[in-house]
Amino acid sequence: MTEAAKGILAMVSACVVWGLSGIYYNALSHVPPEQVLSHRALWSFLFFAGVLLFQGRIGALGAAFSGRRNIMFLVLATAMISLNWFVFISSVQTGYATEASLGYYIFPLLSVLLGRLVFGEQLTRAQVAAVGLAALAVAVLSFGLGAAPLIPLVLAISFALYGVAKKQIPLGPVVSVTAEVLLILPVALAVIWLTGGAGFLDSTTTAVMLAFSGILTGLPLILFSYAAKRVRLGTVGVLQYLNPTLQFLVAVLVFAEPFTPWHGAAFALIWSAVAVFSFSALRQERASRRAAIAATGVSAQIR
């Protein structure tokens, strides 16, 4: 198997875990979301710290807290990922997994927009069209529901801002995520202590599931990091949509959540935006590849 094929397999595996994780957290509906989140932070920290110890890189954790700028963006990243996790767990437990999947469809398109606004990145016409379709989808759903779809917006905005913060932190994914869960760990431990174990003592099954949430959080991130080094960026962007697609299918087919005509109209617009965005990303990737090949040929002729 080639390195690229291994990367694609790792990326698909990560997206499958993320896409089906709603089933797992739905099975923990008897545990309040803030308690599930607290255990997720605790066991994630132990998992990531164990990985760093195994790699002999635990000392790199200190570098994450060196400098006021690093700490500022780490705090922002921690706040955004904690909000994202909490809203996702709450939406799955309360019957709004469909809205959650919509948020993860919108997130990459919002990230493109933030890239333009924050980092001055140029947008192609296709990307502008995709962002416009996503905005129209939100407007349609807002009109149909009679209120702004807060769950998709909070999930998309928090994850997009998390990406902005991560772009400013010069650390690898495992080190930075370990630092993030370390920051939230005191709050998580306080919740667990004040609630008498935060559901951990309810039953052996619940305790095992809460502890396993650390691996469920950490493993796909490591797979994603492995894939990102071996798969072209455009391919990664397209494969990422497997996650919200599985979330959507789980919400409608497994949880049997209501899917109104307004949801249908909004998702049709979102899927159109995804198609436009993905086509543009793949076309850009091919153009970059051709340019690199041409540059290599010119360099060889000069030699």
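Since we're looking at a predicted model, the values are computed, not measured.

A few points about unusual backbone geometry
Moving on, step 1. Even without a glycine there, the phi angle at A256 is positive, about 55°.
Moving on, step 2. Counting through the fold element by element, A256 comes out in the loop between α10 (242–254) and α11 (261–302).

As for the packing of aromatic side chains
Moving on, step 1. The final tally for this structure, using the stated rule, is 19 aromatic pairs.
Moving on, step 2. Considering the side-chain rings of Y105 and F267, the 6.1 Å spacing of their centres and the 85° angle between planes classify their relative orientation as edge-to-face. Of this pair, Y105 sits in helix α4 (residues 97–119) while F267 sits in helix α11, placing them 162 residues apart in sequence. The pair Y105 / F267 is uniform in exposure class, with both members buried.

As for the pattern of salt bridges
Moving on, step 1. In total, this model carries one salt bridge according to the counting rule given.
Moving on, step 2. A salt bridge links E180 to K166; the nearest nitrogen and oxygen atoms lie 3.0 Å apart. One end of the pair, E180, is in helix α7 (residues 173–194); the other, K166, is in helix α6 (residues 150–167), with 14 residues separating them in the sequence.
Moving on, step 3. What makes E180 buried here is its relative accessible area of 2%.

Quick look at a nonpolar patch on the surface
Moving on, step 1. Together, V16, L20, I23, L249, L253 and V254 make up a nonpolar patch on the protein surface, roughly 490 Å² of accessible area in all.
Moving on, step 2. Mapped by element, the contributors of at least two residues to the nonpolar patch are α1 (3–26) and α10.
Moving on, step 3. Note that L249 resides in helix α10.
Moving on, step 4. Overall, L249 belongs to the partly exposed group, its relative accessible area being 37%.

What about the side chain of R40?
Moving on, step 1. The residue R40 is located in helix α2 (residues 33–55) in this model.
Moving on, step 2. Within the buried core, R40 has no salt-bridge partner, and the shortest N-O distance to an opposite charge, that of E180, equals 11 Å.
Moving on, step 3. Engagement of the side chain of R40 in a polar contact is seen with the side chain of T217, the distance being 2.7 Å.
Moving on, step 4. Dropping the residues within four chain positions of it, R40 is found in contact with Y25, W85, I89, S213 and T217.

Some words on the side chain of Q93
Moving on, step 1. Counting through the fold element by element, Q93 comes out in helix α3 (residues 68–93).
Moving on, step 2. Residue classification places Q93 among the buried positions, given a relative accessible area of 16%.
Moving on, step 3. Setting aside chain neighbours within four positions, we find Q93 in contact with Y25, L28, S29, V31, P32, P33 and V36.

Examining the packing of α1 against α10
The description of two helices packed together rests on the angle between their axes and the distance between the axes.
Moving on, step 1. Relative orientation of the contacting elements α1 and α10 amounts to 30°, with a least axis distance of 8 Å. In terms of orientation, α1 and α10 fall into the roughly parallel class. For the element pair α1 and α10, the recorded crossing hand is right-handed. On α10, the residues touching V12, C15, V16, W18, G19, L20 and I23 of α1 are L242, N243, L246, Q247 and V250.
Moving on, step 2. Split by residue class, the contact of α1 with α10 holds nine nonpolar, three polar and no charged.

How each quantity is defined
What you see as residue numbers is a count from 1 along each chain, following the sequence as written. Thresholds applied to this predicted model are a pLDDT of at least 70 for local features of residues and 80 or more for the giving and counting of side-chain atom pairs; totals over whole chains, interfaces and linings are not thresholded and use all residues. Hydrogens are left out, water is left out, and the side-chain values use all remaining heavy atoms of the structure. A helix here means a DSSP run of H or I that spans at least four residues, while a strand means a run of E at least two residues long, and both kinds are numbered starting from the N terminus. Aromatic contacts are taken between Phe, Tyr and Trp rings whose centres are within 6.5 Å, Trp giving its six-membered ring; a plane angle under 30 degrees counts as stacked, one over 60 as edge-to-face, and the others as tilted. Burial classes follow relative accessibility: with a 1.4 Å probe on protein chains only, a residue under 20% of its type's maximum area counts as buried, one over 50% as exposed, and anything between as partly exposed. What makes a salt bridge here is a side-chain nitrogen of Lys or Arg within 4 Å of a carboxyl oxygen of Asp or Glu, nothing more. A patch consists of residues whose relative accessible area exceeds 30% and which take part in no salt bridge; residues with like charges are grouped when within 9 Å of each other, and nonpolar side chains (Val, Leu, Ile, Met, Phe, Trp, Tyr) when within 5 Å. Here the accessible surface of atoms and residues is derived via Shrake-Rupley with a 1.4 Å probe, and residues count as covered only by protein chains that are part of the display. Under the counting rule used here, the positive set is Lys and Arg, the negative set is Asp and Glu, and His together with the chain ends is not counted. In protein, a polar contact requires one atom able to donate a hydrogen and another able to accept it; more generally it is a pair of N or O atoms within 3.5 Å, and residues adjacent in sequence count only if both atoms are side-chain atoms. The contact definition used throughout considers only heavy atoms, calling two residues in contact when any of these lie within 4.5 Å. To get an axis, fit a line to the C-alpha atoms, keeping to the stretch in contact for a helix; angles then go from 0 to 180 degrees between the N-to-C directions. Between 65 and 115 degrees an angle is taken as roughly perpendicular, under 35 as roughly parallel, over 145 as roughly antiparallel, and anywhere else as oblique. Should the near helix be turned anticlockwise from the far one by less than a right angle, the crossing is termed left-handed; should it be turned clockwise, right-handed. In this classification, Asp, Glu, Lys and Arg are treated as charged, Ala, Val, Leu, Ile, Met, Phe, Trp, Tyr, Cys and Pro as nonpolar, and every other residue, Gly included, as polar.

Read these as geometric descriptors, not functional statements.
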